[in-house]
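These are the residues of each chain, in order.
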There are 2 protein chains.
Amino acid sequence: MIDRIDIKLLDLLQRHGPRPAAELGEKVGLSASACHRRIRALEAGGIIAGYTARLVPERIGLGLDVFVDISLTSQSEEALTAFESAVKSYDEILECQLLSGASDYRLRVAARNVADFDRLHRHCLSRLPGVAAMHSAFTLRTIKAFEGYPVSGIDERR
Amino acid sequence: MIDRIDIKLLDLLQRHGPRPAAELGEKVGLSASACHRRIRALEAGGIIAGYTARLVPERIGLGLDVFVDISLTSQSEEALTAFESAVKSYDEILECQLLSGASDYRLRVAARNVADFDRLHRHCLSRLPGVAAMHSAFTLRTIKAFEGYPVSGIDERR
DNA sequence: TATTTCAACGCAAAAATTGTGCGCTCTTGT
DNA sequence: ACAAGAGCGCACAATTTTTGCGTTGAAATA
């Protein structure tokens, strides 16, 4: 279903996005057309969800990266649903997951600066329904930013 | 330096990656060539760092998403540097940041399953130098995955 | 072991997209 | 009012993507 060549392709595509099929083909030892068909198959098969431009947050004025851990007053189905749909409605909330452990939810938000985070805090965070406690942690420095999944260890079947 | 049209372009490109300039141009009210030049300028200006294929972690066998908070035994320059370069050397560590607050570092790792996380734990996490304490939190459910920065509120200068 | 089958490949041509030169227009500054 | 410069659309050239088709090699079948 996925062989060594596909893995190489995924690795290349994950790092440097769309490149001419001829170039990729050369790197993985395939003709341009064969390579092209492989890529289409990976897309159609749902391995590759799509392509995106990677923006540099600082260059668009979002210099502050904050994790916010939140626990709710109630764990009822309704409480969770209400909270989650509120979360989804704010673009400033970049990510949100339900975690094992003490705090229930963790979300990541982007802000221009501390003052902007304060605005965000009042404008959206404080409006999330059912919040019992909230704790923020600022990113002081990014040691390693997400640049793709390790693709070397995929199940091969060929 | 960046106007309303660029913002629209960034938004489009961030969501749906490279699309024909003619199509983007139509959406933002520009000819294909003008649109094309705008995009090149955004790339050259460092606003767009590049393009990447977005892989679906489950489809490549990485079903487990874990946050690991780590505090070090020493805060010395050397200790931090040693820790950080070790972190960078492991592909399984997807992200790492230095945080304000109690725990020093937070990293995010991807594993196939719990058994694989155990392997990871022994194979790389436990080999990170200078670790005093480590605490893991598993993602039970992703409410919102990262899909780009909010681009609406960029400083416009036109 | 010979034969059939089928997926995947490479080549080549067609279709689409990107990349570029150029003249025009509108805004800004003097 | 006028010169200068940024940004636009058009037209065309250069690349890249996409598809048709015949071939090849491995696995299944007889």
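Residues numbered from 1 in each chain as written. Chains lettered and ligands numbered in written order. Predicted model: local features only at pLDDT ≥ 70, side-chain atom pairs only at ≥ 80, totals over all residues. Heavy atoms only, no water.

Undergrad: For this particular structure, what's the right way to read the overall build of chain A?
TA: Looking only at helices and strands, chain A has 5 helices and 5 strands in total. Along the chain direction, N to C, the helices and strands of chain A fall in the order α-α-α-β-β-α-β-β-α-β. Relative to the 2.2 N^0.38 estimate, which gives 15 Å for 158 residues, the radius of gyration of chain A is 21 Å and therefore markedly larger than a compact globule would have. Over its C-alpha atoms, taken along the principal directions, chain A stretches across nearly 55 × 35 × 25 Å. In chain A, which comprises 158 residues, the proportion classed as buried is 48%. Roughly 7,800 Å² of accessible area belongs to chain A as shown, and the carbon and sulfur atoms make up 53% of that amount. Taking the 21 positively charged and 21 negatively charged side chains of chain A as two groups, their mean positions are separated by 6 Å. (Helix = DSSP H or I, 4+ residues; strand = E, 2+ residues; numbered from the N terminus. Rg over C-alpha atoms; globule rule 2.2 N^0.38 Å. Buried < 20%, exposed > 50% of the residue type's maximum accessible area, 1.4 Å probe, protein only. Areas by Shrake-Rupley, 256 points an atom, 1.4 Å probe, with all protein chains shown as cover. Lys, Arg positive; Asp, Glu negative; His and termini not counted. Charge placed at Lys NZ, Arg CZ, Asp CG, Glu CD.)

Undergrad: What is the right way to look at the nonpolar core in this model?
TA: One recurring pattern in soluble globular proteins is that nonpolar side chains are buried together. Counting 24 residues, the largest nonpolar core has L9(A), L10(A), I48(A), L55(B) and I60(B) as its most contacted members. Looking at this core, the elements with two or more residues in it are α1 (4-16), α2 (21-28), α3 (32-44) and β1 (48-55) of chain A together with β1 (48-55) of chain B. Considering each element in turn, this core owes the most residues, 6 residues, to α1(A). Sequence-distant contacts of L9(A), defined by excluding residues within four places in its chain, comprise L24(A), V28(A), C35(A), R38(A), I39(A) and L42(A). (Core = buried A, V, L, I, M, F, W, Y, C linked by side-chain atoms within 4.5 Å. Contact = heavy atoms within 4.5 Å.)

Undergrad: Sorry if this is basic, but what is going on with the environment of F117(A) here?
TA: In this fold, F117(A) is placed in helix α5 (residues 114-123). Along the chain, F117(A) and I143(A) lie 26 residues apart, while their C-alpha atoms are 22 Å from each other.

Undergrad: What is the right way to read the relation of the copies chain B and chain A from this model?
TA: In this arrangement, two copies of a chain are superimposed by a rotation about an axis accompanied by a shift along the axis. For the match of chain B to chain A, the screw axis carries a shift of 0.0 Å, the RMSD comes to 0.0 Å, and the turn is 180°. Seen this way, the second copy is the image of the first under a two-fold rotation axis. Judged by C-alpha distance, T52(B) is the residue of chain B that lies nearest the rotation axis, at 2.8 Å. By residue overlap, the copies meet face to face through one surface: 98% of the interface positions of chain B are interface positions in chain A. (Least-squares fit on C-alpha atoms with pLDDT ≥ 70 in both.)

Undergrad: Where do I start with the protein's contact with DNA strand C in this structure?
TA: Every one of the 14 residues lining DNA strand C counts as a neighbour, but S31(A), S33(A), R37(A), H36(B) and R40(B) are closest to it. A share of 61% is what sugar and phosphate atoms reach among the atoms of DNA strand C within 4 Å of the protein. At 2.9 Å from a phosphate oxygen of DNA strand C is found a main-chain nitrogen or oxygen belonging to A21(B). The separation between a base oxygen of DNA strand C and a polar side-chain atom of R37(B) is 3.4 Å. Secondary-structure elements contributing two or more residues to the surface near DNA strand C are α3 of chain A together with α3 (32-44) of chain B. Class assignment for the residues of the surface near DNA strand C results in 4 nonpolar, 4 polar and 6 charged. (Near = heavy atom within 4 Å. Polar contact = N/O pair within 3.5 Å; in protein donor to acceptor, adjacent residues only side chain to side chain. Nonpolar A, V, L, I, M, F, W, Y, C, P; charged D, E, K, R; others polar.)

Undergrad: Explain the interface of chain B and chain A to me, please; I cannot follow it from the model alone.
TA: Interfaces are frequently sized by the accessible area removed from exposure as the parts join. Each partner contributes to the interface: chain B provides 63 residues, whereas chain A provides 62 residues. The contact between chain B and chain A buries some 5,900 Å² in all, and 57% of this surface belongs to carbon and sulfur atoms. For chain B, the biggest contributors to the area lost against chain A are I143(B), K144(B) and Y149(B); these three give 13% of the whole. There are 2 salt bridges connecting chain B and chain A. Between the two partners, chain B and chain A, sit 33 residue pairs in polar contact (both at pLDDT 80 or more). Every element with two or more residues in the side of chain B that touches chain A is listed here: α1 (4-16), β1, β2 (64-72), α4 (77-89), β3 (93-99), β4 (105-111) and β5 (131-144) of chain B. (Buried area = accessible area lost by both parts, 1.4 Å probe. Salt bridge = Lys/Arg side-chain N within 4 Å of Asp/Glu carboxyl O.)

Undergrad: What should I look at first to understand the protein's contact with DNA strand D in this one?
TA: Taken together, 14 residues form the shell around DNA strand D, and within it H36(A), R40(A), S31(B), S33(B) and R37(B) come nearest. A breakdown of the atoms of DNA strand D within 4 Å of the protein gives sugar and phosphate a share of 61%. Here a base nitrogen of DNA strand D sits 2.8 Å away from a polar atom, N or O, in the side chain of S33(B). For the surface near DNA strand D, the secondary-structure elements that each account for two or more residues are α3 of chain A together with α3 of chain B. Here the surface near DNA strand D is built from residues that sort into 4 nonpolar, 4 polar and 6 charged.

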